[in-house]
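What follows is each chain in one-letter form.
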Amino acid sequence: MSPKGWVPPAPADRERLPPEQVFDAGLLNHHISNTAYPIAHDRTFAPYRIREADQRAVIRHAFADIRDLGLYVHIPFCETRCAFCEYTVVRREESELAREYVDALLGELELWDAEIELGSRRFHGLDLGGGTPTFLPLEQIARVLEAVRRKVHFRSGDVSIETTPRIAAREPDKIAGLPRLGIDRISMGVQVSETKLLADLGRADNGVAEQRRAAENILGAGFRRFNVDLMYGFANQTLDGWRATLEHAIRLGPDAITLYRMRYKLTRISHQAGAVTLEHVRPLAELAKRVLGDAGFAANPGKTTLSRIPGDVGTSSYLAQRVRAGMPYLGLGLGAQSYSHTTLSYNDGAVGKNLTPYLRSVARGRLPLQDLYDLPLAHAMGKMCAVSFYFGEIDLAAFSAKFGLELEQAFPSEVAFAKGRGLMTQTARSLALTPLGAHSVNGVIALFFAPSIQRYLVERDPSAAGDFVRQRNLALRVAGPEAAGV
C-alpha cells in the first residue's frame, strides 16, 4: 500500500503512451472510449482483484476515513428489456421476486452499516435507478426510503427516481405518491419519438401518446425537478427524426434534458455498431446542442445534461457529486457499483444478471460483492476523469483535493496536448472541453485513462467484429426468449 493509500501499479500501468497515439486510438474505438470506466476490466483490472477472504478488510480500510458519500439503490426490474439496454436488468419472470428483492436490499443496507457504520457518514443525495424503480409498488418504494432514512444522515442533496413513459402514463396515482415520499426529482426515459425506431428498440409501448400523458402526470405531481433522457447514435436514426425527437421532448416541459449516445456494448443490437461512424454521430450531437440551446436549455460544449433553470446542473445531486468532486458512493442492489477513493466494486449479479447470487449472499450475511478491486493511483485518476466528462470538464480543485497533486502534474503531456490542439481550455475552476474537443471527445477522454486501458485501445482493431458479437450473444442469453426476434 502506498503512503496515500493506492496499491503499486502493475507493469502495464507504469508507463503512459504518447498522447497523440492515445487520442487517435480513442477516436478509432469511439464506441467504447467514453465515460464507462474501466474498459476491458477482465484484463486491465485483473491485477487488482481482491479475493473474497480479504474483501471485508479491504472495504473497512478503504472507507475508514471517508465521511462524505453518495447513495445509489438499484432496482433491476423492467416491463421489458429494451434492445439498447446495457444495464443489470433481470428476466421478466424474476419480477415476481420484487418483494423478496426489497427484503434483500434492506438486508444489504444492514450489512454495510455493520461494516462501516453508516450513521457516522454524511450522505449527499440518493438515486433510485435501474432498471425501472417505479416498476415497484409504491409501498415497496416507501419501504426502501424509510429504511435508508433510519440508517443514513443526509447532509444535502435530493432524492431522484427513474421512470418509463408507460408507467408514468398508466399509473398516475403512483407518480402522484412519489413526492409525498420525499422524492424531489424524476427522470423519464423517452429516448426517441420515432414510431418505427421505438418498435425496433422494443419500446412500442412507450410511444408519443404515452410520453405526453406521462409528462402531464409528472408535471401535475409536484416534483421539484423533471428530466427527460434522450438517446442518439442508432444505426437507422436520421437527422430529421432526431430533430423531431428533440422538439417533442422540449414540448413535454422538462427542466432538463440529458443526451445519451448509444454505447452498444452488452446490448442486443451491439452487432449494429459497425454501421455507426463518427460521421454519423457527430451531426446528431451538434444538432441536439443547437435545438436545445435555441429552446433555452444551456450547458457547456461537452456537458451531456442541459438545463433551462439558471445555475442548475440538471442532474441529480448524487450524480453531480460523483462527477464534480469524485465523491465516493455506495451502491445497493443487484450488480450495483460502489467506489471509495481507492477501491471499486461490483455487486453479485453484474455478470449473469439474475437475482440468485445476490439473494444468496445477503441471506448468508455477507456483503454481496462479486468483484472488488484495490486500485493504483493511475486507475483512480482515470475513473474520476472519465466520469468528469459527463459535465465536459475536470474540476481542478476537486482533483487536487482527491489526489494530492495538480491535474497538470499528473498529466503534463496530456494536458499540453489537449490545450495545444484546442481540444480543452483551462479556466480558474476547470479544464474544459472546447467545441472542437466535444467534437472529438472519445479521443480526449482516452488521454486520462490508465496506461493499461490506453494500450488496450491502441492494440485493439476496431474493425474486428468479434468483441461485439460476443457481447451480443451474452446479451441475448441474459435477455431470454423475449429477445428472439432481435
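Residues numbered from 1 in each chain as written. Predicted model: local features only at pLDDT ≥ 70, side-chain atom pairs only at ≥ 80, totals over all residues. Heavy atoms only, no water.

1. Quick word on helix α13 (residues 356-364)
This is how it is decided: The rule is simple: take the accessible area with a 1.4 Å probe, protein chains only, and divide by the maximum for that residue type; under 20% is buried, over 50% is exposed, in between is partly exposed. Strands here are runs of E lasting at least two residues and helices are runs of H or I lasting at least four, both read from the DSSP assignment and numbered beginning at the N terminus. It is the directions from the helix axis to the C-beta atoms that the arc portrays.
Those residues of α13 not exposed but buried are Y358, L359, S361 and V362. For α13, the angular spread of the buried residues around the axis is 165°, confining them to a single face. The exposed residues of α13 that point more than 90 degrees off its buried face are R360, A363 and R364. In the stretch just after α13, G365 is the one whose phi turns positive, near 80°.

2. Focus on the side chain of D127
Stated formally: When charges are counted, Lys and Arg contribute as positive and Asp and Glu as negative, whereas His and the chain ends are disregarded. For salt bridges, the criterion is a side-chain nitrogen of Lys or Arg within 4 Å of an Asp or Glu carboxyl oxygen. The contact rule is simple, with two residues in contact once any of their heavy atoms fall within 4.5 Å.
Within the secondary structure, D127 is located in strand β2 (residues 122-130). Salt bridges are absent for the buried D127, whose nearest opposite-charge side chain, R185, sits at 5.5 Å. Apart from residues lying up to four places away in sequence, D127 is in contact with L71, Y72, V73, S160, S316 and Y318.

3. Focus: the packing of aromatic side chains
Rules: Here a Phe, Tyr or Trp ring, Trp counted by its six-membered ring, pairs with any other such ring whose centre lies within 6.5 Å, and the pair is stacked when the planes are under 30 degrees apart, edge-to-face when over 60, and tilted otherwise. Any Lys NZ or Arg CZ that is within 6 Å of a ring centre and within 35 degrees of that ring's normal is treated as a charge sitting over the ring.
Overall, the coordinates contain 19 aromatic pairs when judged by the stated rule. An angle of 50° between the planes, with centres 5.5 Å apart, marks the rings of Y37 and F449 as tilted. In this pair, Y37 sits in the loop between α1 (19-28) and α2 (41-44) while F449 sits in the loop between α19 (441-446) and α20 (451-459), placing the two residues 412 residues apart along the sequence. Here F389 and F448 contribute two aromatic rings whose centre-to-centre distance is 6.0 Å and whose plane-to-plane angle is 40°, an arrangement assigned as tilted. Of this pair, F389 sits in the loop between α14 (377-388) and β12 (393-395) while F448 sits in the loop between α19 and α20, and the two are 59 residues apart along the sequence. Judged by relative accessible area, F389 falls into the buried class, the value being 3%. You can call F448 buried: its relative accessible area is 1%. Members of the aromatic cluster, connected to one another through ring pairs, are W6, F389, F399, F403, F411 and F448. Looking at K303, its charged tip hangs above the ring of F391, at a distance of 4.7 Å from the centre.

4. What about the confidence of the model for the protein chain?
Going by this rule: Note: pLDDT gives the predictor's confidence per residue, expressed from 0 to 100.
Looking at the protein chain as a whole, its pLDDT mean stands at 92, while 93% of the residues score no less than 70. Between residues 474-479, whose pLDDT stays under 50, and residues either more than four places distant or in other chains, the model counts 16 contacts. Here residues 481-486 is modelled with pLDDT under 50, and outside its nearest four sequence neighbours on either side it reaches nine contacts, counting other chains as well.

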